[in-house]
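# Survey of secondary and tertiary structure
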Amino acid sequence: MTDQDTSSAAGRSGTTDRAEHLAGLILAFARREGMKAGDRLIEQKLADALDVSRAPIRLGLKALEAAGLARGEPNRGFVLTKNPTSGAARPTLAAVSRAEQAYADIAADVLDQRIAADVTEAELMRRYELSRTELQRLLDRIAAEGWIARLPGYGWRFADTLSSPEAQAQAAAFRAVIEPAAILQPGFRLDSEVIDRLRRHQQRVLGGELDKMTVGEVYQSGCEFHEEIARGAGNPFFVDSLRRVNSIRRLFAYRSFADRDGMRRHVKEHLRLLDLLEAERLEEAAALMLRHLQRPLSRGA
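Residues numbered from 1 in each chain as written. Predicted model: local features only at pLDDT ≥ 70, side-chain atom pairs only at ≥ 80, totals over all residues. Heavy atoms only, no water.

With that out of the way, let us pick up the packing of aromatic side chains. Taken as a whole, this structure holds two aromatic pairs when the rule is applied. Arranged with centres 5.7 Å apart and planes meeting at 90°, the rings of Tyr 103 and Trp 147 form a pair that is edge-to-face. Taken together, the positions of Tyr 103 in helix 4 (residues 90–111) and Trp 147 in the loop between helix 6 (132–145) and strand 5 (148–150) put the pair 44 residues apart, joining distant regions of the chain. Tyr 103 sits in the buried class, given a relative accessible area of 0%. With a relative accessible area of 0%, Trp 147 lands in the buried category. On the numbers, 6.1 Å between centres and 25° between planes, the contact of Trp 147 with Phe 158 is stacked. Placement of the pair is Trp 147 in the loop between helix 6 and strand 5 and Phe 158 in strand 6 (residues 156–158), with a sequence separation of 11 residues. Taking the ring centre of Tyr 103 as reference, the NZ or CZ of Arg 141 above it sits at 3.9 Å. (Phe/Tyr/Trp six-rings, centres within 6.5 Å; stacked < 30°, edge-to-face > 60°. Helix = DSSP H or I, 4+ residues; strand = E, 2+ residues; numbered from the N terminus. Buried < 20%, exposed > 50% of the residue type's maximum accessible area, 1.4 Å probe, protein only. Lys NZ or Arg CZ within 6 Å of the ring centre and 35° of its normal.)

Encoded structure:
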């Protein structure tokens, strides 16, 4: 095999690997949304939810089709052919669970200072038993979240401030300002279909789905809920700012979101918040949002 053949094979392998990873992310999103066989997988909705362009979404959808979990239909795009909670979906979701576990392991080691600030990719691959492709995907994600950066020339460096108590307090204080303020903006409005969708999801989580979700899915579910409410202000700066702080605080929020009892209390408050927003009792909703954000998720926090 020539060098060109080897390079082409590696490129195809990388594309296949990415497509399968995106298929898992799409399926995990469909599970969070309570989707069933026959439901449409809308490209733009998936691209917005997963924060990627539509081109990689198409790769993931084709990988789902190849796995027998979706099919393309004329004038409808792709639809699910199996429920995301079915046994047939487990192999596709397994890669997502593996990546989430590796992410959680790295986050825990950073928080507990069990890993040096400066690391090489070879060290990380050995420590977490990852392939280079798996590690690169994780490093890209962590870098985008702001708690690791590539060193000039060689290696990576973990940020030394994002897991500090000061950083946690600053992130919490920022959210306590902007999220209630978003609700009190003139013209704040959540469409009834948005409220219904958020309510159904929170009810599914409270009704037993929480125990099936990875820590990463639990965290993402909470972020999506709060960002959707901020979107009701009609001012994109609220959502952009909240997304930024949500990305950064993921590192130190990971442990709190492992507390499932604490999460159940939070979900009940989410449902109460939706009731207030539906009744347009916005001042009460803003006050509840403030208490919600100031209350520790874990009783031990």
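Picking up where we left off.
Residues Ile 106, Trp 147, Phe 158, Ile 183, Ile 229, Leu 273 and Leu 277 are the most contacted members of the largest nonpolar core, which totals 49 residues. Apart from residues no more than four positions distant in its own chain, Ile 229 is found in contact with Ile 183, Phe 188, Leu 190, Leu 273, Leu 277 and Met 289. (Core = buried A, V, L, I, M, F, W, Y, C linked by side-chain atoms within 4.5 Å. Contact = heavy atoms within 4.5 Å.)

Looking now at the packing of helix 5 (residues 121–128) against helix 6. Two packed helices can be described by the angle between their axes and the distance between those axes. Relative to each other, helix 5 and helix 6 sit at 110°, their axes nearing to 10 Å. In terms of axis orientation, helix 5 runs roughly perpendicular to helix 6. Packed against helix 5, whose contacting residues are Glu 121, Leu 124 and Met 125, the element helix 6 presents Arg 132, Leu 135, Gln 136 and Leu 139 at the interface. The class makeup of the residues in the contact of helix 5 with helix 6 is four nonpolar, one polar and two charged. (Axes fitted to C-alpha atoms, helices over the stretch in contact; angles between N-to-C directions. Parallel < 35°, antiparallel > 145°, perpendicular 65-115°, else oblique. Nonpolar A, V, L, I, M, F, W, Y, C, P; charged D, E, K, R; others polar.)

Spatial strand order, 4-6-5: three strands in an open sheet with antiparallel pairing. At either margin of the open sheet sits one strand with a lone partner, and together these are strand 4 (118–119) and strand 5. Relative to strand 6, strand 4 runs antiparallel, the two sharing two bridges. Residue pairing across strands places Asp 118 opposite Arg 157, the latter belonging to strand 6. (Pairing = 2+ DSSP bridges.)

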